[in-house]
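These are the residues of each chain, in order.
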There are 2 protein chains.
Amino acid sequence: MNMASKPSRLRGDRVTLAHGGGGRAMRDLIEEVFTQVFQPESGEDQARLMHDALQVKGARLAFTTDSYVVTPVEFPGGDIGKLAVCGTVNDLAVGGAEPLWLSASFIIEEGCEIALLRRIVASMAREAEAAGVRIVTGDTKVVEKGSCDTVFITTSGVGVIPAGRDLGAAHIRPGDVAIVNGVLGDHGATILAARGDLALSAPLQSDCQALGHLMAAVAEACPDLRAARDATRGGLASALNEMAEAAGVSVELDEAALPLRPEVKGMCEILGLDPLYLANEGALVLFVPEAEAEAALAAMRSVEAGREAVVVGRAVEKGSVPVRMRSAFGGTRIVDMLVGEQLPRIC
Amino acid sequence: MNMASKPSRLRGDRVTLAHGGGGRAMRDLIEEVFTQVFQPESGEDQARLMHDALQVKGARLAFTTDSYVVTPVEFPGGDIGKLAVCGTVNDLAVGGAEPLWLSASFIIEEGCEIALLRRIVASMAREAEAAGVRIVTGDTKVVEKGSCDTVFITTSGVGVIPAGRDLGAAHIRPGDVAIVNGVLGDHGATILAARGDLALSAPLQSDCQALGHLMAAVAEACPDLRAARDATRGGLASALNEMAEAAGVSVELDEAALPLRPEVKGMCEILGLDPLYLANEGALVLFVPEAEAEAALAAMRSVEAGREAVVVGRAVEKGSVPVRMRSAFGGTRIVDMLVGEQLPRIC
């Protein structure tokens, strides 16, 4: 990693089409910007992986992928690289898997600053280490100026679901308790403010964080943990609608219990947005039987990402709508899935 | 798959930003265009996979990823979807793995025709079936018009390397024989012609094909198979340079033995291109000990993708340059890695 002492073979400080051509320039870019930081073990294109947990009878492999196109690529609390690592780690974690390995594929616009790529890659390496995963394989493509927007990243993740663990929305039963791990809407509100189209300057940060350690703690404390879902695009509302439909139950939310920052609430009021639909990148909702709710809260609060864990509602017998919210004033309203789109390129 | 009988919930025939928003429109797009065709088993975001081969002691997991940004997205002999499946299958196969599962992530430009997406998805499903792999998980993002070019696809692949199989360029020894599976340069030449910038109308087709069955046949026939590499971006020249450097050997090519179509040769002569650098999407080069060369050729010729397999050179003691070519007239020339770029967005 002592890169300062080695003369760089990257002439210039911007990516050119030659960096995508499959030849020497591409190799130099990959070596100096990516593999020196990610340090994959294999010199081959494919990673070759072994893990004892895989050889336990009944263990399953979890496999997931997401593309990240967020704009701006750097924002308060994170950047597209951190998002790409956390998002895919979280997708594995909420499925009950121990996240182990990631791939990272970059589509880079001609002219992209190499210094920006280096910052993104450093951020990915940092997040991966914190989350206990390794970035083991990758790819780079370069497209002409104007054919993509700075850089898009696709991460895929592989993990192991231990034998006997089976989380899934279909397991949710009436009476189960819904818990979120912390404040909602910070990511969506931060990106909105960071775009600068609005004269908003809220002191906000994206909640972008990995949830692997949190999920491991809950899964251990709650043998009957039903299901978890990260509340990304479409926000808590869309995640709950999908879970309720898959389970054949309805969900009742308690508006007063929803953890929202005053800044986010304020921004939503000014702009006519509903915080239930704002994207999160470090928030999840999970369901446990009522008997395990206290254990779940305690386990969640024992890790950084779950300090503010709180019960926000419960599953009930299937009613006329999948998700309904009880307001502070005693009324109820329907919480539908997001219709249309709230904010493009939020992740 | 009886889609005709169900009324489509996709209003309009083009992708809109709402299709990327995380709400109902996105769900409709994913269900109608993607999951109805790919039919993943799980209703969860992550695929959950089990395979007996993984539980054999010594078996390893192979994991790889590639982004595809080819333009045009449809071309003679294939399309970006076929490419995305074959390319990732091939990357697993040349590493000695049995390709099993793919993820597919789509970055779609606002305004992209839904009919085009359906053709691409159908093509992916067809190739996956032929290659014996399943597309088990995926993602879609939509970006504003002008922020990407029609559609980019990132596929990741997971397979199993059987216990005891260990292919790698480092295993190549002086005396080993280099074999390619068929004609070279068709993909690069086809894309070049398809762009229409040149007044060329060669009757060419991309060689885009999956090489999993081919690799399985060779690996079974040749217990001492050293290494294989698909000759994609940068062509055969770049693949051989990388392998020679990793092995600490030099490679001597025999120009007269290189399988090239007259049309590709002709196009290269007119345009001043070197076919050794043209991209392939269904061509590989592999090294076997001389004693196994006949067995390798016979095994390769027994499958469709290897009908025209031929010895093109051999590894020799490390000399002053990694790759050298002996011409039909007795001279030799250096075959360097590609410097600069030959053709952007070839894959």
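Everything that follows concerns the structure shown earlier in this document.
Just so we're clear, the structure is a prediction, and the values are computed from it rather than from any experiment.

Definitions and cut-offs
Residues numbered from 1 in each chain as written. Chains lettered and ligands numbered in written order. Predicted model: local features only at pLDDT ≥ 70, side-chain atom pairs only at ≥ 80, totals over all residues. Heavy atoms only, no water. Pairing = 2+ DSSP bridges. Helix = DSSP H or I, 4+ residues; strand = E, 2+ residues; numbered from the N terminus. Axes fitted to C-alpha atoms, helices over the stretch in contact; angles between N-to-C directions. Parallel < 35°, antiparallel > 145°, perpendicular 65-115°, else oblique. Left-handed = near helix turned anticlockwise from the far one by under 90°. Contact = heavy atoms within 4.5 Å. Nonpolar A, V, L, I, M, F, W, Y, C, P; charged D, E, K, R; others polar. Polar contact = N/O pair within 3.5 Å; in protein donor to acceptor, adjacent residues only side chain to side chain. Buried area = accessible area lost by both parts, 1.4 Å probe. Salt bridge = Lys/Arg side-chain N within 4 Å of Asp/Glu carboxyl O. Buried < 20%, exposed > 50% of the residue type's maximum accessible area, 1.4 Å probe, protein only.

Undergrad: Which parts of the structure should I look at to understand the sheet that holds strand β7 (residues 151–161) of chain B?
TA: Hydrogen bonds between backbone atoms are what pair the strands of a sheet, whose relative direction is either parallel or antiparallel. Strand order in the open sheet formed by five strands is β1(A)-β2(B)-β7(B)-β5(B)-β6(B), and the pairing between neighbours is mixed. Edge positions in the sheet fall to β1 (47–49) of chain A together with β6 (134–143) of chain B, since each of these pairs with one other strand and no more. When strand polarity is set aside, the average angle formed by the axes of neighbouring strands in this sheet is 15°. Of the pairings in the sheet, the one linking strand β5 (residues 98–109) of chain B to β6(B) comprises nine bridges and is parallel in character. What sits directly across from B:F106, in β6(B), is B:T140.

Undergrad: Teacher, can you tell me more about the packing of helix α5 (residues 212–221) of chain B against helix α8 (residues 293–301) of chain B here?
TA: A pair of packed helices is characterised by two quantities: the angle between their axes and the separation of those axes. Residue and element names in this part refer to chain B. Across the interface, α5 lies against α8 with an axial gap of 8 Å and an inter-helix angle of 150°. Classified by the angle their axes make, α5 and α8 are roughly antiparallel. The handedness of the crossing between α5 and α8 is right-handed. Across the interface between the two elements, L214, A217, V218 and A221 of α5 pack against A295, A296, A299 and M300 of α8. Residues that form the contact of α5 with α8 fall into these classes: eight nonpolar, no polar and no charged.

Undergrad: I keep staring at the side chain of B:R229 and nothing clicks. Help me out?
TA: Examined against the element boundaries, B:R229 turns out to sit in strand β9 (residues 227–230). A polar contact of 2.7 Å, which involves the side chain of B:R229, links it to the side chain of B:E242. Those residues in contact with B:R229 that sit more than four places away from it in its chain are A:E44, B:V94, B:A169, B:A239, B:E242, B:M243, B:A283, B:L284 and B:V285.

Undergrad: Please clarify how the interface of chain A and chain B should be interpreted in this entry.
TA: One frequently used descriptor of interface size is the decrease in accessible area upon assembly of the parts. Between chain A and chain B, the residue contacts involve 78 residues of the former and 78 residues of the latter. Summed over both sides, the interface of chain A with chain B buries roughly 6300 Å², with 54% coming from carbon and sulfur. When the buried area of chain A at its contact with chain B is split by residue, A:R48, A:F63 and A:R233 rank highest and sum to 13% of it. Run the count over chain A and chain B and you get 12 salt bridges. Taking the shortest distance from any N to any O, the salt bridge between A:R48 and B:D166 comes out at 3.8 Å. Counting across the interface, chain A meets chain B through 35 residue pairs in polar contact (both at pLDDT 80 or more). Within the residue set of the side of chain A that touches chain B, elements represented by two or more residues are α1 (24–38), β1, β2 (60–68), α2 (80–94), β5 (98–109), β6 (134–143), β7 (151–161) and α6 (235–247) of chain A.

Undergrad: Please explain the environment of A:D230 as it appears in this structure.
TA: All names here are of chain A. Note that D230 resides in strand β9 (residues 227–230). Classification of D230 by relative accessible area gives buried; the value is 10%. What D230 contacts, discounting residues up to four positions off in sequence, is G87, N90, D91, V94, A239, A283 and L284.

Undergrad: Looking at this structure, I do not really get unusual backbone geometry. What am I missing?
TA: The general pattern is negative phi for most residues beyond glycine and trans for most peptide bonds. The omega angle of the peptide bond from A:T71 to A:P72 is 0°, so this bond is cis rather than trans. Here A:P72 shows up in the loop between β2 and β3 (74–75). Its identity as a non-glycine residue notwithstanding, A:T150 has a phi of 70°, on the positive side. Structurally, the position occupied by A:T150 is in the loop between β6 and β7. Accessibility expressed as a relative area gives 22% for A:T150, which makes it partly exposed. Look at B:Q39: it is not a glycine, yet its phi comes out positive at around 45°. Locating B:Q39 in the fold gives a position in the loop between α1 (24–38) and β1 (47–49).

Don't take any of this as a statement about function, it's just geometry.
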